[in-house]
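Residue-level structure breakdown
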Amino acid sequence: NAGVTQTPKFRVLKTGQSMTLLCAQDMNHEYMYWYRQDPGMGLRLIHYSVGEGTTAKGEVPDGYNVSRLKKQNFLLGLESAAPSQTSVYFCASSLQRPGLAISITGELFFGEGSRLTVL
Amino acid sequence: GDSVTQMEGPVTLSEEAFLTINCTYTATGYPSLFWYVQYPGEGLQLLLKATKADDKGSNKGFEATYRKETTSFHLEKGSVQVSDSAVYFCALSDRDFGNEKLTFGTGTRLTIIP
């Protein structure tokens, strides 16, 4: 019962360094999302994907890139990390569009989060 | 654009107290509404949902009613337990074309003391 798995769980970077966060889901979900969580700001959507090979910008995409080469994986990249990117990052996936008013819930399943600190 | 406004936290209650966490929304279409809960050290998980006006979502003793006339989806529980201590997020997804994502509120931290 892995669900949604994020790696790494913790990372400390220096300004200007690059890194990639990996999200893997084993539920055959079409939709995948990357959110960041900051105190007083709630969750803000960075990028999302509605299927393999597709990506779209969310609310706060600047400074991040994503790729969805395989259906089960959604990668979030920081090319040149900045202190403003210090945050907790959550990946999520869903089988259907979250807002569909049908019996399939469109529930989002979240990973446990990745805490990133940029010095 | 779509937005969700939650009551400011943190909220601290004694065990067995009545809980209300307010949530109001702004949406261009007819949204589905959700409450997610985040326990310490974990990711978010769905608590309950409602997909049309006057629907009541319920789970684990929590309830919320979709009120279109007041654009609200307040979370309630009659008797809280220590295990309910968590951060609660209200969220919406607009059912118009392109409803692939959820918009979250800022979250309300709830602490229940024995």
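Attention here is on the structure that accompanies the text. (Residues numbered from 1 in each chain as written. Chains lettered and ligands numbered in written order. Predicted model: local features only at pLDDT ≥ 70, side-chain atom pairs only at ≥ 80, totals over all residues. Heavy atoms only, no water.)

1. What about the nonpolar core?
The cut-off we apply is this: The set of buried Ala, Val, Leu, Ile, Met, Phe, Trp, Tyr and Cys residues whose side-chain atoms join them within 4.5 Å is what this entry labels a nonpolar core. When a residue's accessible area, from a 1.4 Å probe over protein chains only, is under 20% of the maximum for its type it is buried; when over 50% it is exposed; and in between it is partly exposed. Per the convention used, a helix needs a DSSP run of H or I reaching at least four residues, while a strand needs a run of E reaching at least two, with both numbered from the N terminus. By definition, residues are in contact when any of their heavy atoms lie within 4.5 Å.
Membership of the largest hydrophobic core comes to 26 residues, with the highest contact counts inside it found for Trp 35, Leu 47, Leu 48, Phe 73, Leu 75 and Tyr 88 of chain B. Of all the elements in the fold, those that place two or more residues in this core are strand E2 (11-14), strand E3 (19-21), strand E4 (23-26), strand E5 (31-38), strand E6 (44-50), strand E8 (62-65), strand E10 (86-94) and strand E12 (108-113) of chain B. Examining the composition of this core, we find that four residues originate from one element, E10 of chain B, more than from any other. In contact with Leu 48 of chain B, not counting residues within four places along its chain, are Leu 33, Phe 34, Trp 35, Gly 57, Ser 58, Asn 59, Phe 62, Glu 63, Ala 64, Phe 73 and Leu 75 of chain B. Ranked by size, the runner-up nonpolar core spans 20 residues in total, among them Leu 108 of chain A together with Leu 46, Phe 89 and Leu 102 of chain B.

2. Overview of the layout of surface pockets
Rule in force here: Points on a 1 Å grid over protein atoms alone make up a cavity when a 1.4 Å probe fits among them but cannot get out, and a pocket when they form an open set with protein on both sides within 12 Å along at least five of seven lines; lining residues each have an atom within 4 Å of a point. Grid points are joined across faces, edges and corners, and a volume is the space filled by probe spheres set on the points. Three residue categories are used. Nonpolar comprises Ala, Val, Leu, Ile, Met, Phe, Trp, Tyr, Cys and Pro, charged comprises Asp, Glu, Lys and Arg, and polar comprises the others, including Gly.
Space inside the largest pocket adds up to approximately 810 Å³. Around the largest pocket sit 33 residues that line it, and Gln 37 and Arg 115 of chain A together with Gln 38, Val 87 and Arg 109 of chain B are the ones nearest its centre. Sorting the residues of the lining of the largest pocket by element identifies strand E4 (31-38), strand E9 (87-94) and strand E11 (114-118) of chain A together with E10 and E12 of chain B as the ones contributing at least two each. Broken down by element, the lining of the largest pocket gets its largest block of residues, four residues, from E11 of chain A. Of the residues that constitute the lining of the largest pocket, the class distribution is 12 nonpolar, 14 polar and seven charged.

3. Points about the state of the cysteines
Residue and element names in this part refer to chain A. Rules: Note on terminology: disulfide denotes any pair of cysteine sulfur atoms within 2.5 Å.
Counted by the stated rule, this structure contains two disulfides over all chains. Note on cysteine connectivity: Cys 23 is disulfide-linked to Cys 91, with sulfurs 1.9 Å apart. Its S-S torsion of approximately -75 degrees makes the covalent link between Cys 23 and Cys 91 left-handed. Here Cys 91 lies in strand E9 and Cys 23 lies in strand E3 (residues 19-25), a separation of 68 residues in the sequence.

By themselves, these figures tell us nothing about what the structure is for.
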